[in-house]
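Listed below, chain by chain, are the residues.
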Amino acid sequence: MLENVLSGYRVIDLTQNVAGPFCTQILGDMGAEVIKIERPGAGDDTRAWPPLFPSGDSATYAALNRNKKSVCIDLDQQAGQALVRQLLGTADVFVHSLKPGSAEARGLGEQTLRAAQPGLIYCAISAFGQVGPLRSLPGYDPVMQAFTGIMSVTGNEGDDPVRVGPSVIDLGTGMWAAMGTLAAFLQRSRTGQGACVTASLLETAMSWMSLLTAMFLASGALPKKMGSAMTSMAPYELFKSADGMVFIAAGNDRLFANACAALECPELATDPRFATNAQRTTNRKALHEAIEQRTQLLPTQEIVARLRRHGAPCSEMHNIAQMIQHEQVQAMQMLKDLPLPKVPEHRAMALPLALDHQRSQQWAPPPALGAHTLEVLQGLGCSDAQIAALRAQGVIA
C-alpha cells in the first residue's frame with residue numbers, strides 16, 4: 001500500500017509556505033514520519049493566511065501539512081540549531097527551504113551534515129536555485145511566473161499579463177523535490193550513500209515553459225497570449241454555448257471530422273481552409289466563428305453529449321463547485337474527509353497517485369503549532385529538566 005512505501009523513515013521538515021510543505025506532505029502520505037520544525041509563537045507563515053475557518057485554522061496550512069508532527073524550535077539560537085542537528089542524527093531525510101547560505105550559517109549545510117551522516121538525504125528547495133547572481137533572493141510563485149514569461153503568454157491578446165490561478169510553480173517544485181528524494185532513496189539502497197537533492201521555483205517554472213521555449217527556438221517568434229487556445233492546434237479552445245462554454249480539443253484531422261459530425265456541420269471538415277491542422281491554425285479565426293455559430297445555439301450538456309458520442313475530446317467549463325460535484329470526480333475519491341478538531345466537515349485533496357489501485361490511507365490532520373515538541377524531545381532522550389530549561393530560554397515552545 002502507498003502509505004507503507006516510506007514507513008519507518010524519518011523526515012525533518014524545515015520548510016514553510018507552499019513548495020516545501022507540499023513535498024513533505026507527499027512523503028508523509030507515503031508513510032514517512034515527518035517532523036515539521038516551526039518558529040515558536042508564529043509557526044509556518046501559512047498558518048495566518050486567509051481564508052481561515054471559524055476555528056482560526058488556515059485553509060492553506062491545512063491543505064499542505066497533514067501527516068506531520070509540529071515541533072517549535074528557535075533556529076536563531078545556537079541551542080536551537082544544536083537541537084535540530086541532534087534530531088537530524090535520527091533522520092533519513094532533511095528538507096529545508098532556507099535561502100542558499102542560511103542553512104550553512106546555522107550549521108545545517110549539506111557538507112557539514114553529510115560528513116557526519118553519509119546516508120542522509122539532503123533536500124534543499126529555493127526560489128532562484130543554488131547558483132547564479134540571484135541565488136540568495138527570496139521568491140514566490142507569481143514572481144517566477146513573471147520572471148520566466150509564463151504571465152506573458154497567459155490571458156487574452158491585448159489584455160495585461162495575468163498569473164496562472166493555481167500555484168503551479170510552488171506545487172510543481174514540491175513534486176519535483178519529492179521525486180528527487182525518492183530517487184535518492186533508490187540510490188541509497190544500492191550504495192548506502194545519501195544524496196543532495198535540489199529543486200527551485202525558477203527551474204520548475206522554466207520546465208513548464210518547455211514547449212513554448214522549443215517553439216520560440218524553432219521559429220524565432222515570441223509566443224502570444226491566446227486565451228484558451230493553443231498555437232499548434234485548432235480547434236483547441238473554448239467556444240460559447242447557449243448557456244455557458246465548452247472546450248473542444250481536436251488534436252488531429254480525424255478528431256476534427258468527428259467534432260464536425262457531432263455538431264452537424266460536416267462541411268467544415270472538407271472546407272479547404274480547414275482540411276489539415278496547419279490550415280486550421282492559419283485560419284483559426286474563421287474556424288472559430290464557424291464552429292461557434294453552431295455551438296452557441298445548443299446547450300452545454302447537449303454539445304458535450306454529442307461530442308463524446310462521436311469520440312471528440314471536450315469538456316464543460318466548470319467552476320470549482322461544479323468540478324467537485326461531478327460524478328467523475330466523486331468516483332475518483334480524490335476529495336476525502338479530514339476532520340479538524342473544530343471543523344468536523346473539513347475535506348482535503350488526496351495525493352493524485354494510487355498504488356495497486358489504492359490511495360494512501362495515511363490521513364492524519366495537520367498539527368497544532370508545537371503539538372509534538374514534548375513528544376519528539378523526549379524521544380531524543382531529553383530530560384524534563386533539560387526541556388524546561390530550553391523552554392525557559394525560548395529555544396522551544
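Use the structure listed above.
Presented here is an overview of the structure given in this document. This is a predicted model, so every value here is computed, not measured.

**Structural notes on the packing of aromatic side chains**
Okay, so step 1: Throughout the structure, instances matching the rule amount to five aromatic pairs.
Okay, so step 2: Aromatic side chains Trp 176 and Trp 208 sit 6.2 Å apart centroid to centroid with 40° between the ring planes, which places their arrangement in the tilted category. Taken together, the residues Trp 176 in helix α7 (residues 168–191) and Trp 208 in helix α8 (residues 201–208) connect sequence positions 32 residues apart.
Okay, so step 3: Trp 176 gets classed as partly exposed once you look at its relative accessible area, which sits at 34%.
Okay, so step 4: Lying across the ring of Phe 256, Arg 280 places its NZ or CZ 4.4 Å from the centre.

**Structural notes on unusual backbone geometry**
Okay, so step 1: With an omega dihedral of 5°, the bond running from Pro 50 to Pro 51 counts as a cis peptide bond.
Okay, so step 2: Tracing the backbone shows Pro 51 in the loop between β2 (33–38) and α2 (59–64).
Okay, so step 3: The linkage connecting Ala 234 with the following residue, Pro 235, adopts the cis geometry, with an omega of -5°.
Okay, so step 4: In the Ramachandran plot, Asp 356 falls in the positive-phi region, its phi being about 50° despite a non-glycine side chain.
Okay, so step 5: Mapped onto the elements of the fold, Asp 356 is located in the loop between β11 (347–349) and α17 (373–379).
Okay, so step 6: Of the residues examined, Asp 356 reaches a relative accessible area of 67% and is grouped as exposed.
Okay, so step 7: One non-glycine residue, His 357, lies in positive phi territory at about 70°.
Okay, so step 8: Its location among the elements puts His 357 in the loop between β11 and α17.

**A few points about the sheet that holds strand β8 (residues 245–249)**
Okay, so step 1: If you walk across this open sheet you meet the three strands as β7-β8-β9, and the pairing is antiparallel. Edge positions in the open sheet fall to β7 (236–240) and β9 (314–316), since each of these has one partner strand only. Along the sheet, successive strands turn relative to each other by an average axial angle of 20°, direction set aside.
Okay, so step 2: Two elements, β8 and β9, share three bridges in a ladder whose sense is antiparallel. The partner of Phe 247 across the bridge, within β9, is Ser 315.

**A short note on the environment of Asp 45**
Okay, so step 1: In this structure, Asp 45 sits in the loop between β2 and α2.
Okay, so step 2: Relative accessible area serves as the criterion here: at 27%, Asp 45 is assigned to the partly exposed category.
Okay, so step 3: Sequence separation between Asp 45 and Ala 183 is 138 residues, and the spatial gap between their C-alpha atoms is 29 Å.
Okay, so step 4: Setting aside residues up to four positions removed in sequence, Asp 45 forms contacts with Gln 16, Asn 17 and Arg 39.

**A word on the packing of helix α1 (residues 19–29) against α7**
Okay, so step 1: Orientation of α1 relative to α7, taken along the N-to-C sense of each, is 45°, at an axis distance of 7 Å. Comparing their axes, α7 and α1 come out oblique. Once α1 is placed against α7, the crossing between them reads as right-handed. Contacts between α1 and α7 involve Ala 19, Phe 22, Cys 23, Ile 26 and Leu 27 from the former and Asp 170, Leu 171, Thr 173, Gly 174, Met 175, Ala 177, Ala 178 and Thr 181 from the latter.
Okay, so step 2: Here the contact of α1 with α7 is built from residues that sort into nine nonpolar, three polar and one charged.

**A few points about the pattern of salt bridges**
For side chains bearing opposite charge, pairing can occur when the charged atoms are close.
Okay, so step 1: One pass over the full model with this rule turns up 18 salt bridges.
Okay, so step 2: Put simply, Glu 375 and Lys 69 hold a salt bridge, and the shortest N to O gap is 2.8 Å. Taken together, the positions of Glu 375 in helix α17 and Lys 69 in strand β3 (residues 69–72) put the pair 306 residues apart, joining distant regions of the chain.
Okay, so step 3: Judged by its relative accessible area of 41%, Glu 375 falls in the partly exposed class.
Okay, so step 4: In the salt-bridge network here, residues are joined through shared partners; they are Arg 10, Glu 33, Lys 69 and Glu 375.

About the thresholds
Residues numbered from 1 in each chain as written. Predicted model: local features only at pLDDT ≥ 70, side-chain atom pairs only at ≥ 80, totals over all residues. Heavy atoms only, no water. Phe/Tyr/Trp six-rings, centres within 6.5 Å; stacked < 30°, edge-to-face > 60°. Helix = DSSP H or I, 4+ residues; strand = E, 2+ residues; numbered from the N terminus. Buried < 20%, exposed > 50% of the residue type's maximum accessible area, 1.4 Å probe, protein only. Lys NZ or Arg CZ within 6 Å of the ring centre and 35° of its normal. Pairing = 2+ DSSP bridges. Axes fitted to C-alpha atoms, helices over the stretch in contact; angles between N-to-C directions. Contact = heavy atoms within 4.5 Å. Parallel < 35°, antiparallel > 145°, perpendicular 65-115°, else oblique. Left-handed = near helix turned anticlockwise from the far one by under 90°. Nonpolar A, V, L, I, M, F, W, Y, C, P; charged D, E, K, R; others polar. Salt bridge = Lys/Arg side-chain N within 4 Å of Asp/Glu carboxyl O.

The values are spatial; any link to function lies outside them.
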